[in-house]
Amino acid sequence: MSFIGNLIWFLLGGFLLGLGWIIAGILWCITIIGIPLGIQCFKIAGVAMFPFGRKVVNNGSTMSLLLNILWICISGVELAVAHLIVGLFFCITIVGIPFGKQHFKLAQVALMPFGTYAF
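Residues numbered from 1 in each chain as written. Predicted model: local features only at pLDDT ≥ 70, side-chain atom pairs only at ≥ 80, totals over all residues. Heavy atoms only, no water.

Teacher, can you tell me more about the packing of helix α1 (residues 2–29) against helix α4 (residues 97–111) here?
Between two packed helices, what matters for the description is the angle formed by their axes and the separation of those axes. Two numbers describe how α1 lies on α4: the axes approach to 12 Å, and their chain directions differ by 30°. Relative to α4, α1 is oriented roughly parallel. For α1 against α4, the interelement crossing comes out right-handed. The segment α1 lies against α4, with Gly-5, Ile-8, Trp-9, Leu-17 and Trp-21 engaging Phe-99, Gln-102, His-103, Leu-106 and Ala-110. Classifying every residue of the contact of α1 with α4 gives 7 nonpolar, 3 polar and no charged. (Axes fitted to C-alpha atoms, helices over the stretch in contact; angles between N-to-C directions. Helix = DSSP H or I, 4+ residues; strand = E, 2+ residues; numbered from the N terminus. Parallel < 35°, antiparallel > 145°, perpendicular 65-115°, else oblique. Left-handed = near helix turned anticlockwise from the far one by under 90°. Contact = heavy atoms within 4.5 Å. Nonpolar A, V, L, I, M, F, W, Y, C, P; charged D, E, K, R; others polar.)

How should I be thinking about the packing of α1 against helix α3 (residues 62–90) in this particular structure?
As a packed pair, α1 and α3 sit with axes 15 Å apart at the nearest point and diverge in direction by 175°. One finds that α1 runs roughly antiparallel with respect to α3. Of the residues in α3, those in contact with Leu-17, Trp-21 and Trp-28 of α1 are Trp-71, Ile-74, Leu-79 and His-83. In terms of residue class, the contact of α1 with α3 is made up of 6 nonpolar, 1 polar and no charged.

Would you mind going over the environment of Gly-13 with me for this structure?
In this structure, Gly-13 sits in helix α1. With relative accessibility at 29%, the residue Gly-13 sits in the partly exposed group. With 23 residues separating them in the primary sequence, Gly-13 and Pro-36 have C-alpha atoms 26 Å apart. (Buried < 20%, exposed > 50% of the residue type's maximum accessible area, 1.4 Å probe, protein only.)

Below is the structure:
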């Protein structure tokens, strides 16, 4: 089931969603200070392209908490709210509920990516 879900997701928007995260990661990595943020964007891009079958676990430490606070101040809230809104729209229909759940998962990762692992 996860293969079919990932295939449908990738073809109907997951590629563009992941590509956007990759572009954001490249832009962050241009500066030396932004490299940790860029690496997190690349991590989110992998989850954004193929979210089905992955679990998101938050295993944060003090350093990741500080970096997450910085991330939230820069762009985390806006990205998480965008994923939540899109997820709610998907959940209007029964067919869209699995895709809405994946957007809720992406909202969690987009809000606090440091110390979060998707496997």
